[in-house]
Amino acid sequence: MTTTEDLTPAWINDVTMEQLERNPNEVYQRLRAEAPVAYVPQLGLYIISTRDLCMDIAKDSAHWPAVISPAGGRTFGEGAIIGTNGPQHKDLRSMVEPHLRPQAVDTYIDDLVRPIARARLEAIEDIGAVDIVAEYCEPVSVRALGDLLGLPDVSEDKLREWFHKLSVSFTNADMTPDGEFANPDGFIPGDEARAEIIAMLDPKIDKWIVEPDDSAVSHWLHDGMPEGETRSREVIYPNIYVFLLGAMQEPAHAMATTMAGLFSKPDQFERVVDDPSLLPRAINEGMRWVAPIWSAAVKVATSEVTVGDVTLPANSLVMLSYGSANNDENAYEAPTQYDLDRAVSPNLTFGGGVHACAGTYYASAVVRIALEELFDAIPNLELDETHDVDFWGWGFRGPKELHVTWEV
Ligand code: 261
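Please read all numbers here as calculations on a predicted model, not as lab measurements.

Student: It is not clear to me how the overall build of the chain should be interpreted in this structure. Could you clarify?
Tutor: The helix and strand tally for the chain stands at 15 helices and twelve strands. Taken over C-alpha atoms, the radius of gyration comes to 21 Å for the chain, in line with the 22 Å a tight globule of 408 residues would show. Dimensions of the chain along its principal axes, counting C-alpha atoms only, are 65 × 60 × 40 Å. Split into buried and exposed, the 408 residues of the chain put 54% on the buried side. Relative to all contacts within the chain whose residues are 6 or more apart in sequence, the contacts with residues 24 or more apart total 70%. Carbon and sulfur atoms form 51% of the exposed surface of the chain, whose accessible area is close to 17500 Å². Put simply, the chain has 30 plus and 66 minus side-chain charges, and the middle of one group is 3 Å from the middle of the other.

Student: In this structure, what is going on with the site of the ligand? I would like to understand it.
Tutor: As a matter of local geometry, the ligand sits amid Phe76, Ile82, Phe170, Val242, Leu245, Gly246, Ala247, Ile293 and Phe396. At 3.0 Å from an oxygen atom of the ligand is found a main-chain nitrogen or oxygen belonging to Gly246. Within the complex, 85% of the 290 Å² of free accessible area of the ligand lies under protein. Top contributing element to the shell around the ligand by residue count: helix H11 (residues 233–263), with four residues. Of the residues contributing to the shell around the ligand, the split by class is eight nonpolar, one polar and no charged.

Student: In this structure, what is going on with the packing of aromatic side chains? I would like to understand it.
Tutor: A ring pair, where both rings are aromatic, is described by two values, the distance of the centres and the angle of the planes. Overall, the coordinates contain twelve aromatic pairs when judged by the stated rule. Centroid distance Phe76 to Phe170: 5.0 Å. Interplanar angle 55 degrees. Geometry classified as tilted. Residue Phe76 is found in helix H4 (residues 70–76), and its partner Phe170 is found in helix H8 (residues 156–170); the two are separated by 94 residues along the sequence. Comparing Phe76 with Phe170, the two get one shared label, buried. Three or more aromatic residues joined by ring pairs make a cluster, and in this case those are Phe76, Phe170, Tyr237, Tyr241 and Phe396. The ring of Tyr332 carries the charged tip of Arg288 above its face, separated from the ring centre by 5.2 Å.

Student: Help me understand the packing of helix H7 (residues 132–149) against H11, please; the structure alone is not making it clear to me.
Tutor: Each packed pair of helices is defined by two parameters, the angle between the axes and the distance between the axes. At a minimum axis distance of 9 Å, the contact between H7 and H11 shows a crossing angle of 145 degrees. Crossing geometry of H7 relative to H11 is assigned as right-handed. On H11, the residues that touch Ile132, Val133, Cys137, Glu138, Ser141, Val142, Leu145, Gly146 and Leu149 of H7 are Phe243, Leu244, Ala247, Met248, Pro251, Ala252, Met255, Ala256 and Met259. Of the residues contributing to the contact of H7 with H11, the split by class is 15 nonpolar, two polar and one charged.

Calculation criteria
Residues numbered from 1 in each chain as written. Predicted model: local features only at pLDDT ≥ 70, side-chain atom pairs only at ≥ 80, totals over all residues. Heavy atoms only, no water. Helix = DSSP H or I, 4+ residues; strand = E, 2+ residues; numbered from the N terminus. Rg over C-alpha atoms; globule rule 2.2 N^0.38 Å. Buried < 20%, exposed > 50% of the residue type's maximum accessible area, 1.4 Å probe, protein only. Contact = heavy atoms within 4.5 Å. Areas by Shrake-Rupley, 256 points an atom, 1.4 Å probe, with all protein chains shown as cover. Lys, Arg positive; Asp, Glu negative; His and termini not counted. Charge placed at Lys NZ, Arg CZ, Asp CG, Glu CD. Near = heavy atom within 4 Å. Polar contact = N/O pair within 3.5 Å; in protein donor to acceptor, adjacent residues only side chain to side chain. Nonpolar A, V, L, I, M, F, W, Y, C, P; charged D, E, K, R; others polar. Phe/Tyr/Trp six-rings, centres within 6.5 Å; stacked < 30°, edge-to-face > 60°. Lys NZ or Arg CZ within 6 Å of the ring centre and 35° of its normal. Axes fitted to C-alpha atoms, helices over the stretch in contact; angles between N-to-C directions. Left-handed = near helix turned anticlockwise from the far one by under 90°.

Here is the structure:
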């Protein structure tokens with residue numbers, strides 16, 4: 001019988017969260033080569049780092065039901081869709097899916113995103129130098145989803161503050177050897193965001209209960225419920241937090257990552273600006289290159305189970321490292337390079353199995369439209385070489401800032 005110590009590479013004990021947040025790639029490259037199933041004491045779980053093992057586990061929800069990570073559960077509470085299974089998960093999927101079905105998205109996405117994108121571009125197009133993350137990617141992402149959810153009166157800056165606070169709290173994953181959170185104060189930002197979210201949403205929910213409208217959250221309350229009943233706040237809130245974190249932040253990461261990738265291959269950047277029909281491919285590769293949700297999916301073994309070459313006991317927690325899977329050298333040639341012309345090979349950016357992202361089509365459309373409008377308005381965009389492109393994040397990853405310039 002193998003033990004957690006047998007599956008802990010000695011060198012992993014020296015790896016810090018700060019190091020992973022700055023750059024997880026070398027650590028995970030070594031894990032893929034030496035220990036694709038590794039117990040990491042600081043996280044209190046096993047890391048699965050290769051593409052094939054991540055795919056096998058993601059698809060096998062019978063043996064590997066979803067759970068939320070410890071820090072994620074501390075941040076969102078019980079009942080977030082990402083950690084539910086069976087009939088509870090089915091109900092929550094049916095709650096969130098209507099607005100996210102491709103057929104539904106196609107009816108509203110241009111009217112939703114293009115005016116938001118154009119208004120932001122009008123505000124910046126005469127400046128000639130901005131951090132495009134703060135001035136465009138994040139505002140467009142949060143305004144579009146905020147309007148869709150029913151929060152048109154919550155400012156872009158407030159929505160950005162909330163996803164940031166929820167995100168650092170969700171990934172405050174360091175554990176002590178006794179299985180306690182090593183940095184309990186790291187959850188304060190998430191607690192603050194949650195308190196503000198409830199104070200803002202409670203009155204809206206009161207109103208939607210008696211006066212439903214077309215907003216997504218109003219539908220979450222009513223759809224599929226018996227006449228005169230609504231879903232409880234206990235059901236709704238953890239899932240609002242899921243959206244206010246991942247669905248707000250990650251389209252912006254995908255936009256900025258795709259631009260950073262294209263800037264690393266200037267000829268490919270030119271081709272995409274000249275031919276916007278290349279954007280879906282460019283974005284798909286950007287999200288493969290640096291997966292926005294880099295390391296957040298966790299599963300639990302229902303019974304003793306074999307993973308690759310090792311046997312794990314029942315109740316083992318595994319973290320599927322989709323960002324690492326997407327850089328697996330056994331699946332992709334030169335995986336750490338952005339390449340618009342790369343051969344097709346499936347990736348795990350949107351996960352897999354029954355928990356595969358419900359917002360895949362929505363998010364891809366938001367990112368595409370935002371970049372179409374940006375490249376149309378400012379085709380002579382250039383990377384500002386006086387700033388470094390600093391990617392940041394382990395759970396969620398993208399350029400922290402992306403400074404660009406253009407001739408006005
Ligand atoms: C919309 C997806 O959001 C998330 C996914 C995984 C972890 C946290 C999230 O908010």
